[in-house]
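Below are the chains, spelled out letter by letter.
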Protein chains: 6
Amino acid sequence: MQQKTALVVSAHAADFVWRAGGAIALYASRGWNVHILCLSFGERGESAKIWKTPGVTLDEVKQVRRKEAEKAATILGASVEFLDCGDYPLRVGDDILFGIADRYRSLRPEFVLTHSFRDPYNFDHPFANHLALEARVIAQAHGHNPDTPVIGAPPVFLFEPHQPEQCEWKPELFLDISSVWDKKYEAFQTMDAQEHLWEYYTRVGLQRGAQASRNSGQKIKYAEGYQCVYPRVTDAF
Amino acid sequence: MQQKTALVVSAHAADFVWRAGGAIALYASRGWNVHILCLSFGERGESAKIWKTPGVTLDEVKQVRRKEAEKAATILGASVEFLDCGDYPLRVGDDILFGIADRYRSLRPEFVLTHSFRDPYNFDHPFANHLALEARVIAQAHGHNPDTPVIGAPPVFLFEPHQPEQCEWKPELFLDISSVWDKKYEAFQTMDAQEHLWEYYTRVGLQRGAQASRNSGQKIKYAEGYQCVYPRVTDAF
Amino acid sequence: MQQKTALVVSAHAADFVWRAGGAIALYASRGWNVHILCLSFGERGESAKIWKTPGVTLDEVKQVRRKEAEKAATILGASVEFLDCGDYPLRVGDDILFGIADRYRSLRPEFVLTHSFRDPYNFDHPFANHLALEARVIAQAHGHNPDTPVIGAPPVFLFEPHQPEQCEWKPELFLDISSVWDKKYEAFQTMDAQEHLWEYYTRVGLQRGAQASRNSGQKIKYAEGYQCVYPRVTDAF
Amino acid sequence: MQQKTALVVSAHAADFVWRAGGAIALYASRGWNVHILCLSFGERGESAKIWKTPGVTLDEVKQVRRKEAEKAATILGASVEFLDCGDYPLRVGDDILFGIADRYRSLRPEFVLTHSFRDPYNFDHPFANHLALEARVIAQAHGHNPDTPVIGAPPVFLFEPHQPEQCEWKPELFLDISSVWDKKYEAFQTMDAQEHLWEYYTRVGLQRGAQASRNSGQKIKYAEGYQCVYPRVTDAF
Amino acid sequence: MQQKTALVVSAHAADFVWRAGGAIALYASRGWNVHILCLSFGERGESAKIWKTPGVTLDEVKQVRRKEAEKAATILGASVEFLDCGDYPLRVGDDILFGIADRYRSLRPEFVLTHSFRDPYNFDHPFANHLALEARVIAQAHGHNPDTPVIGAPPVFLFEPHQPEQCEWKPELFLDISSVWDKKYEAFQTMDAQEHLWEYYTRVGLQRGAQASRNSGQKIKYAEGYQCVYPRVTDAF
Amino acid sequence: MQQKTALVVSAHAADFVWRAGGAIALYASRGWNVHILCLSFGERGESAKIWKTPGVTLDEVKQVRRKEAEKAATILGASVEFLDCGDYPLRVGDDILFGIADRYRSLRPEFVLTHSFRDPYNFDHPFANHLALEARVIAQAHGHNPDTPVIGAPPVFLFEPHQPEQCEWKPELFLDISSVWDKKYEAFQTMDAQEHLWEYYTRVGLQRGAQASRNSGQKIKYAEGYQCVYPRVTDAF
């Protein structure tokens, strides 16, 4: 039987850990190939602590972030790929867009995770969202690389931004990640440069867990929230 | 094993047919007890054709609508109950609200279907929505009839209004009803007084089916659209 | 030929002057019967100056406001009717609602003007909006007073609230009222108790006029803005 | 010098503690009279644990909640008043509304705190919001109790609901409550019946603190978020 | 007398047929010059069937789509022009933008039709919207090609996207196209590559017709829905 | 003591005058360094009257607008800098973006004023908004020019667009500018090319003043309205 795949499009090296680490670990634990595309290392905008090292260079910062992210991906059980497009601002040409479309074609993901539509604190995030969605549409086009088969219509879920209400992001789905929380927290710990976020995102996990419990009548300790881009198609509510 | 139940709160006698007939038939076909609460018969506002009968009385109109609705419910495989609260305008006291809360307690539905939050063409519809949601909250309160056990947190789905964009209603879930379309259409045909709607809602079923296909890559002929009131809690996307 | 009619539903005695005086005068000048329903006199909440008279009674305040409003209506060329439901808060039973529905039936208006959907400064305004819309729906119901013919679907336009952006009100239509501005301003002057509003609403007229010019390329000096409740049906853009 | 006052309108006995306890303690610590109106005790809907006591009566539940709330208010340094309107559903007549308006008149608050506009989990909350806002407008009306002076325009701030994104609530203001956090947490501990919320709302305080830091560049440990109903008027940004 | 003109900005070769074919045929039948700008042929993303031909090239696909679109335009009575900017993704430089601005200047359209503001299924559509609106603003600028006269303020109407609720598109105007439906359907039939859409858009026409009837009290069989970008300026409601 | 600074990002040469002239004059009168970045001169799109001069060149138009804007800035007490990026359309490369980021770094403004998020009449305005916000984020990034210190989190306020409701702009803050109104009006008068706007924006000032009075209970003659991008952080409501 073919291994199922999921695709994660992450603007910076650590976004996938804080925002979707539970989903990644959960599906990896089920034997899926979860593949993470990091558009940048977050080298300029999300590496404050590393920049405190005297004389550190941009390349060195990138290397540190790359290693952390690789380690985190390994802990979560996922593969990771770095497109090195730069951050603050993230900028890509259509070659990168087509490259992402080709990843859709080669991976044929069952679902896709990416950033919110808006974020007034971080314009790389909505841009990553746009890339992930536009590449998906291109991968559906019969005239794009007509020799490889088009993809279907994988659903896209938007993970939680840092300040959800300011980003017009609303959780429409709570994913119970209690069973893999340990892995998510272990992945946090690879992020030396952002230690202050470990506890922040632990509390996010607990709050979303409490809310998931409220919305289901089940006991759920840790959850991740996701917004849905497209309607769900189903034969059962 | 206990039979599972679902609850449908319908403002007028025919709403459940046009808007949720597929979901009702689908779950009935799976052995569920689907119970429909009709808050009114739609006797004043949705029985234009019957009122053309010279000398017809309000009670007679109600009787016609009741019979049609009972017949439709039977075709769909559901039970139906009429609260006779009046329509155009629908008005209820807290006794009715508590009655609906008690239905939640006695039925313990797995899910609930009702009207949209807004409808500038029909104020009975958002009022039915409010009743269905407020009764659900009361049924969760430990101090309401403390001798019967409180309910959990059944999800609520809002079925499609007549002019969806004008009602700020958005389909977030497409339910494939192809397998029970025949039953839904048969139920349409009990509604002698609203024959013009048979084809209208057949086209709705086909459009939502086409959209469900687009959003899933599957072939789906007929679908119903639903908006979700609460976040979904899940361990799989 | 039958005289055409329009209906204005005004929460307080003066609302119709500030907010819709131009539309009223314009259609009156074209020979229409424009009928104004004042749900209250604004006796408690919009008569600050009159209340400064030592010993003045509620009835006396009502009489002053009634006379002003009658005089304003006469200047604008409209008929006016007072339902005396009280203000701050406006409260009505279903008898009043049915009374308004019956006005729809007897007047058969070509269009209806009323308040915005929201107003956090004045809850009588959205309530008047709700009454005007719900009465319209009841007047369309064949089972309501089955002996009088139902109405069609007159469009409803929402006039400008005092602080438009705070009321989620947006002008979707600018009505050129330059030709009747003098009458509107003359009607302002009957409102002794609200002199501070004369200049405020003159400026509103000029700003909306300037905006109407921008949106049409025509020279328009005075305009009133309206939001549309229902889609326009037309055979020409 | 006259003592300044603030008014808190709380649907249930404990809402003011979880949602506004920091603001209350902060202003009390500055010598203000902070007055809390509890519309109900939350006796039916927010006292699950107490209802587990065999044979407990509604009145006994109310007494427990009253005592807890009085104790919490004392810890926070505020006065509290119970209107005993019932909960799940909260229902009030215009006498209560006028009573709240009279509190506005007698207290003349500098600002008002209350619930969010919407809450699909709890319809008492938006109803309390509506009461607080409508009473404010009535208290501004010269014709309401013309013998007592009208109030000005105190700003109204909406405290945080339990599931903010589901309630269309957005924090527009972060109040630094670090200096009074101990009091807030002490007040939590009076709420024996809702122990599961102590940690939940501690995490809320920490998350809002972290966000307040992000939005200001200051170090803030604990904060409360508020949405603003009316525009701020100022001579400095 | 000068012939009046209208401008249609269509992202792909067939959009103008499904979405605005009725409006085009209606105005053409009244003697207007309706000019269609096709930004692309939809060669990559909307020609699935043609790509099934073994060995077909991009240029051949374009030729097929061009012929179909020319034939459809002829049936509708309009002129058509292809800018060949590419699709999936549509990308244009400012030269194209200025070219569209110049079309505004030379055509001086009475109104403009184009795509919705958003479409998560197709990013070429909102981009075409943006181009149409930005070019209009440039054509209004006195400093752009100062030797040709600036345009006024032609209204812009947004035609219906494929899944309206997902695109935040709302019909604010229903255009009765019953008299030209035959031409619209004939134009559908030129689109061999998209046969599955003939019936889909026939049902759209019927649904919008039924809704137009509801909103007007007239019998209207087929309609097209449009959203309005700018307020309407009028001297009659 | 260090002089405090504020930054204004204005798309065209005159925007800062009409929209923020009061705020600029107010803070300048308090001894602040208010620095205005004009991204363009508005030479193509907002200089209609100048273009009527026969044979006038683009450079000459720019010079006229530059002089007017410099004179206006001087009257208001601010410094002004022209980036000459062109208008209708405004287009900038990342060099300009980084230049603005560097201004943030060198000025270290206490607050920032710029355009609204949307404006369907003028796409340069939302683009200026985006630049101002994205540059702010870059200036916060430790990896951007690591040798100069990052900035904190200055709040950003959006000044009033020409047609506020069409731009989804809402005043959340009213700044009392009565004390500096004379300077603002004097600055208006430098704008010979846009004389029709003097009275328009005088009325805006009066309307916002009246609304500021309503929202505060104070007498305020002239005000400017601002929307807030980020939550306010405070220790007092």
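Residues numbered from 1 in each chain as written. Chains lettered and ligands numbered in written order. Predicted model: local features only at pLDDT ≥ 70, side-chain atom pairs only at ≥ 80, totals over all residues. Heavy atoms only, no water.

## Brief notes about the overall build of chain A
Inference 1: Scanning chain A from N- to C-terminus turns up six helices and eight strands.
Inference 2: Secondary structure of chain A in N-to-C order comes out as β-α-β-α-β-α-β-α-β-β-α-α-β-β.
Inference 3: For chain A, whose C-alpha radius of gyration is 17 Å, the value lies close to the compact-globule estimate of 18 Å for 237 residues.
Inference 4: The C-alpha extent of chain A, read off along each of the three principal axes, is 55 × 50 × 35 Å.
Inference 5: A buried classification covers 65% of the 237 residues belonging to chain A.
Inference 6: Put simply, 76% of the contacts in chain A that link residues at least 6 apart link residues at least 24 apart.
Inference 7: Carbon and sulfur atoms make up 50% of the accessible area of chain A, which totals about 8300 Å².
Inference 8: In chain A, 26 positive and 30 negative side-chain charges are present, and the distance between their average locations comes to 5 Å. (Helix = DSSP H or I, 4+ residues; strand = E, 2+ residues; numbered from the N terminus. Rg over C-alpha atoms; globule rule 2.2 N^0.38 Å. Buried < 20%, exposed > 50% of the residue type's maximum accessible area, 1.4 Å probe, protein only. Contact = heavy atoms within 4.5 Å. Areas by Shrake-Rupley, 256 points an atom, 1.4 Å probe, with all protein chains shown as cover. Lys, Arg positive; Asp, Glu negative; His and termini not counted. Charge placed at Lys NZ, Arg CZ, Asp CG, Glu CD.)

## A look at the relation of the copies chain B and chain A
Inference 1: Superposition of chain B onto chain A requires a rotation of 180° combined with a translation of 0.0 Å along the rotation axis, giving an RMSD of 0.0 Å. A rotation of that kind, with that shift, is consistent with a two-fold axis. In terms of proximity to the rotation axis, the leading residue of chain B is Glu172(B), whose C-alpha is 4.9 Å off the axis.
Inference 2: Both copies contact each other with a shared surface, as 100% of the interface residues of chain B are interface residues in chain A too. (Least-squares fit on C-alpha atoms with pLDDT ≥ 70 in both.)

## Here's the deal with the interface of chain B and chain C
Inference 1: Every contact between the two is made by 13 residues of chain B and, on the other side, 17 residues of chain C.
Inference 2: Across the chain B to chain C interface the summed buried area is about 1400 Å²; carbon plus sulfur atoms make up 63%.
Inference 3: The largest contributions to the chain B side of the interface with chain C come from Arg44(B), Tyr121(B) and Phe123(B), which together make up 40% of the buried area.
Inference 4: Our enumeration of links across chain B and chain C arrives at two salt bridges.
Inference 5: Asp94(C) is the partner of Arg91(B) in a salt bridge, and the nearest nitrogen-oxygen pair spans 3.1 Å. (Buried area = accessible area lost by both parts, 1.4 Å probe. Salt bridge = Lys/Arg side-chain N within 4 Å of Asp/Glu carboxyl O.)

## Concerning the packing of aromatic side chains
Inference 1: Within the structure shown, the criterion is met by 108 aromatic pairs over all chains.
Inference 2: For the ring pair Trp18(E) and Tyr201(E), a centre distance of 5.6 Å and an interplane angle of 20° mean the geometry is stacked. Residue Trp18(E) is located in helix H1 (residues 15-29), and its partner Tyr201(E) is located in helix H6 (residues 196-214); the two are separated by 183 residues in the primary sequence. Each member of the pair Trp18(E) and Tyr201(E) is classed as buried.
Inference 3: An aromatic cluster is present here, built from Trp18(A), Trp181(A), Tyr185(A), Phe188(A), Trp198(A), Tyr200(A), Tyr201(A) and Tyr222(A) joined pairwise through their rings.
Inference 4: Its end group placed over the ring of Tyr27(B), Arg30(B) keeps NZ or CZ at 5.0 Å from the ring centre. (Phe/Tyr/Trp six-rings, centres within 6.5 Å; stacked < 30°, edge-to-face > 60°. Lys NZ or Arg CZ within 6 Å of the ring centre and 35° of its normal.)

## Topic: the interface of chain B and chain A
Inference 1: Contacts between the two partners involve 29 residues from chain B and, on the opposite side, 29 residues from chain A.
Inference 2: In total, chain B and chain A occlude about 2500 Å² of area from one another, counting both sides; carbon and sulfur atoms represent 63% of this.
Inference 3: Among the residues of chain B in contact with chain A, Arg232(B), Val233(B) and Phe237(B) are the three that bury the most area, contributing 32% of the side total.
Inference 4: Summed over the shared surface of chain B and chain A, the result is zero salt bridges.
Inference 5: Across the chain B-chain A interface, the total number found is 12 residue pairs in polar contact (both at pLDDT 80 or more).
Inference 6: Those elements that provide at least two residues to the side of chain B that touches chain A are helix H1 (15-29), strand S4 (111-114), strand S6 (173-176), helix H6 (196-214) and strand S8 (232-234) of chain B.
Inference 7: For the side of chain B that touches chain A, the element with the highest residue contribution is S6(B), accounting for four residues.
Inference 8: Counted by class, the side of chain B that touches chain A contains 19 nonpolar, four polar and six charged residues.
Inference 9: By the bridge criterion, three bridges tie strand S8 (residues 232-234) of chain A to S6(B) in an arrangement that is parallel. Residue pairing in the sheet places Thr234(A) in a bridge with Leu175(B) of S6(B). (Polar contact = N/O pair within 3.5 Å; in protein donor to acceptor, adjacent residues only side chain to side chain. Nonpolar A, V, L, I, M, F, W, Y, C, P; charged D, E, K, R; others polar. Pairing = 2+ DSSP bridges.)

## Quick word on the sheet that holds strand S4 (residues 111-114) of chain A
Inference 1: Read from one edge of the open sheet, eight strands run S3(A)-S2(A)-S1(A)-S4(A)-S5(A)-S7(A)-S6(A)-S8(B), paired in mixed fashion. Whereas interior strands pair on both sides, the edge strands pair on one side only; in this sheet they are strand S3 (79-82) of chain A together with S8 of chain B. Mean inter-strand twist for the sheet, computed between neighbouring axes without regard to direction, equals 25°. (Axes fitted to C-alpha atoms, helices over the stretch in contact; angles between N-to-C directions.)

## Some words on the relation of the copies chain B and chain C
Inference 1: Between chain B and chain C, which share one sequence, the superposing operator has a rotation angle of 120° and an axial displacement of 0.0 Å; the RMSD is 0.0 Å. Look at the turn and shift together and you get a three-fold axis relating the two.
Inference 2: In this assembly the copies use different faces: only 8% of the residues contributing to the interface of chain B also contribute to that of chain C.

## Remarks on the pattern of salt bridges
Inference 1: Scanning the entire structure with this criterion turns up 72 salt bridges over all chains.
Inference 2: The partner of Glu68(E) in a salt bridge is Arg65(E), with the nearest N and O atoms 3.1 Å apart. Residue Glu68(E) and its partner Arg65(E) are both found in helix H2 (residues 58-76); the two are separated by three residues, about one turn of the helix.
Inference 3: Arg66(F) is the salt-bridge partner of Glu70(F), the closest N and O atoms lying 3.6 Å from each other. Highlighted residues: Glu70(F) and Arg66(F), both in helix H2 (residues 58-76), separated by four residues, approximately one helical turn.

## A word on the arrangement of the chains
Inference 1: One thing to see here is that chain D and chain E don't touch, and their nearest C-alpha atoms sit 18 Å from each other.
Inference 2: One finds no contact between chain B and chain F; the C-alpha atoms of the two approach each other to within 18 Å at their closest.

## Structural notes on the environment of Gln189(F)
Inference 1: Mapped onto the elements of the fold, Gln189(F) is located in the loop between helix H5 (181-188) and helix H6 (196-214).
Inference 2: As for Gln189(F) and Val17(F), which are separated by 172 residues in sequence, their C-alpha atoms are 10 Å apart.

## Section: the packing of H1(E) against H2(E)
Relative placement of two packed helices is described by the angle separating their axes and the distance separating the axes.
Residue and element names in this part refer to chain E.
Inference 1: At their nearest, the axes of H1 and H2 sit 8 Å apart, and the two run at 35° to each other. Between H1 and H2, the residues in contact are Phe16, Val17, Gly21, Ile24, Ala25 and Ala28 and Ala69, Ala72, Ala73 and Leu76, respectively.
Inference 2: Classifying every residue of the contact of H1 with H2 gives nine nonpolar, one polar and no charged.

## Some points on the sheet that holds strand S8 (residues 232-234) of chain D
Inference 1: Reading across from one edge, S8(D)-S6(F)-S7(F)-S5(F)-S4(F)-S1(F)-S2(F)-S3(F) is the order of the eight strands in this open sheet, with mixed pairing throughout. Only two strands of the sheet have a single neighbouring strand rather than two, namely S8 of chain D together with strand S3 (79-82) of chain F. On average, each strand axis in the sheet is tilted by 25° relative to the strand beside it, whichever way the strands run.
Inference 2: As paired elements, strand S5 (residues 156-158) of chain F and strand S7 (residues 223-228) of chain F share two bridges and run antiparallel to each other.

## What about the confidence of the model for chain A?
Inference 1: Here chain A averages 97 in pLDDT, and 100% of its residues register 70 or above.
Inference 2: Across the interface, the model reports ipTM at 0.96; the global pTM reads 0.98. (pLDDT = per-residue confidence, 0-100.)

## Observations regarding the side chain of Gln194(C)
Inference 1: Among the structural elements, Gln194(C) can be located in the loop between helix H5 (181-188) and helix H6 (196-216).
Inference 2: Contacts of Gln194(C), omitting those with residues within four sequence positions, involve Ala14(C), Trp18(C), Glu46(C) and Arg65(C).

## Concerning the pairing of strand S6 (residues 173-176) of chain D
Inference 1: Here four bridges tie S6(D) to strand S7 (residues 223-228) of chain D, and the two strands are oriented antiparallel to one another. Among the inter-strand pairings, Phe174(D) is bridged to a residue of S7(D), identified as Gly225(D).

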